Amino acid sequence: MNERFRGCLVGLALGDSLGAAFEGMPPGDYEPSCKAPLFYTDDTEMMLNLSESIIERGEVVPEDLARHFIEGLNPQRGYGYGTLRVLSLIRSGVPIERATSMVFREGSKGNGASMRVAPVGLLYWFDRERIVEAATRASTVTHTHPVAIDGAVAIALSVGMILQGSSREQIPGEIIKYMKTNLMRGKIDALMGLLERGCSREEVIRLLGNGVLTEESVPTAIYCFLRYGDDFMRAIGFSISLGGDADTISAMTGALCGAWLSRGSLPPECVERLEDRERIISNADGLYELSEAIYRDFSKHGE
Ligand code: F2R
Ligand code: MG
Ligand code: MG
């Protein structure tokens, strides 16, 4: 289990840093390389800030999470406009609920909540209801649009189901039951259709998407994992070849593949060049320890 926790967070950071050079590019036959140091972007930075807030507080506490996001923010990492703006408003004293609706009235539906949420799926892997509740709480600090929340729930639940020992085929049929928006239900349904018949890169982009919005990237990442999850570099290579929001689609794909394969099955030549890998592994270990304690209590009291 501990190795799966490590695999999930290291996989996310590898996907992010391997995809970073291709964010915003058109689709193409790109070759992600581990020959040079691998630097991560906002996707991994926010995942680390979320992990550290959870480890310190033992759960997702929105005000503490906002503090970690603000204090841990390096603007050079390439943040989304809305997330930067919301965090700056909160920093200046605006309450969280007001800040999120001041930037996009109905809330952001960027993929920023989904790209960072994997630690929540790790923490509560044994309890789907708790995953849904905590993923929602972790999203609404910056992303309150129902589609953004559905995306975060979909990624966190996928991580949890992997740790529960579900088969890859079971995952989309189960997460669709937790989607509250027709848009995300439709996209998960479309990805199940694509898995049943082989399809080209162009069809994946046309039917699932490769953009920065949740509905254009979360189903795509789940698809990349379900199609190529046994081979980390193939899954990441395919997600990067889609172009568009390549770092983020690869980060989410990497988190799912890493949880599936465990840290020891990730390419060592990439792991050893990953920026901050000791901090990432230490966060995975901290989450594992906390999750074990919560799970023991859950098993004892059945709740
Ligand atoms: N920001 C980037 N990449 C661009 C800069 C990278 C460059 N290499 C650099 O270093 O400068 N990537 C990161 O942003 C994405 C996550 O974004 P997040 O956190 O969700 O932000 P935001 O602004 O809330 O949403 C993203 C955009 O989506 C559109 N949008 C969101 N909600 C909307 C709504 N309700 N209505 C209409 N549009 C909405 C807006 O265009 C937002 O700016 C990841 O790719 C991460 O890697
Ligand atoms: Mg990024
Ligand atoms: Mg991105």
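Note that the structure is a prediction, hence the values are computed from the model and not measured.

> Help me out: how do you make sense of the coordination of the magnesium ion (ligand 2) in this one?
Perfect tetrahedral coordination of a metal by four donors corresponds to 109.5 degrees between them, and perfect octahedral coordination by six donors corresponds to 90 or 180 degrees. Protein coordination at the magnesium ion (ligand 2): the donors are Thr41 (OG1), Asp42 (OD), Asp43 (OD) and Asp247 (OD), at 2.1 to 2.4 Å from the metal. We note that the donor set of the magnesium ion (ligand 2) lies within a single chain, spaced as T-D-D-x203-D. Taken as a pair, the magnesium ion (ligand 2) and the magnesium ion (ligand 3) show a spacing of 3.7 Å, with Asp247 coordinating each metal. The same class applies to Thr41 and to Asp43, which are both buried.

> Sorry if this is basic, but what is going on with the side chain of His145 here?
With respect to the element layout, His145 can be found in the loop between helix H8 (128-139) and helix H9 (146-164). Under the relative-accessibility criterion, His145 is labelled buried at 13%. Looking at His145, its side chain comes within polar contact range of the main-chain nitrogen of Val147, at 3.1 Å. With sequence-adjacent residues up to four places away left out, His145 is seen in contact with Glu106, Gly107, Ser108 and Lys109.

> Would you mind going over the nonpolar core with me for this structure?
Taken as a class, soluble globular proteins show a tendency for nonpolar side chains to be buried jointly. Grouped together as the largest cluster of nonpolar side chains are 103 residues, with contacts concentrated most on Leu14, Val120 and Ile222. By residue number, the principal contributor to this core is H9, which donates 12 residues.

> I tried to follow the packing of H8 against H9 on my own but got confused; where do I start?
Angle between the axes and distance between the axes are the two parameters that describe a pair of packed helices. At a closest axis distance of 9 Å, the pairing of H8 and H9 adopts a crossing angle of 140°. Judged by the angle between their axes, H8 and H9 are oblique. When you trace H8 past H9, the crossing you get is right-handed. In this structure, H8 uses Arg128, Ile131, Val132, Ala135, Thr136 and Ser139 to contact H9, whose residues at the interface are Ala148, Ile149, Ala152, Val153, Ala156, Leu157, Gly160, Met161 and Gln164. Of the residues in the contact of H8 with H9, the class split is 10 nonpolar, 4 polar and 1 charged.

Analysis parameters
Residues numbered from 1 in each chain as written. Chains lettered and ligands numbered in written order. Predicted model: local features only at pLDDT ≥ 70, side-chain atom pairs only at ≥ 80, totals over all residues. Heavy atoms only, no water. Donors = N, O, S within 2.8 Å, 3.2 Å for Na, K, Ca; no water. Buried < 20%, exposed > 50% of the residue type's maximum accessible area, 1.4 Å probe, protein only. Helix = DSSP H or I, 4+ residues; strand = E, 2+ residues; numbered from the N terminus. Polar contact = N/O pair within 3.5 Å; in protein donor to acceptor, adjacent residues only side chain to side chain. Contact = heavy atoms within 4.5 Å. Core = buried A, V, L, I, M, F, W, Y, C linked by side-chain atoms within 4.5 Å. Axes fitted to C-alpha atoms, helices over the stretch in contact; angles between N-to-C directions. Parallel < 35°, antiparallel > 145°, perpendicular 65-115°, else oblique. Left-handed = near helix turned anticlockwise from the far one by under 90°. Nonpolar A, V, L, I, M, F, W, Y, C, P; charged D, E, K, R; others polar.

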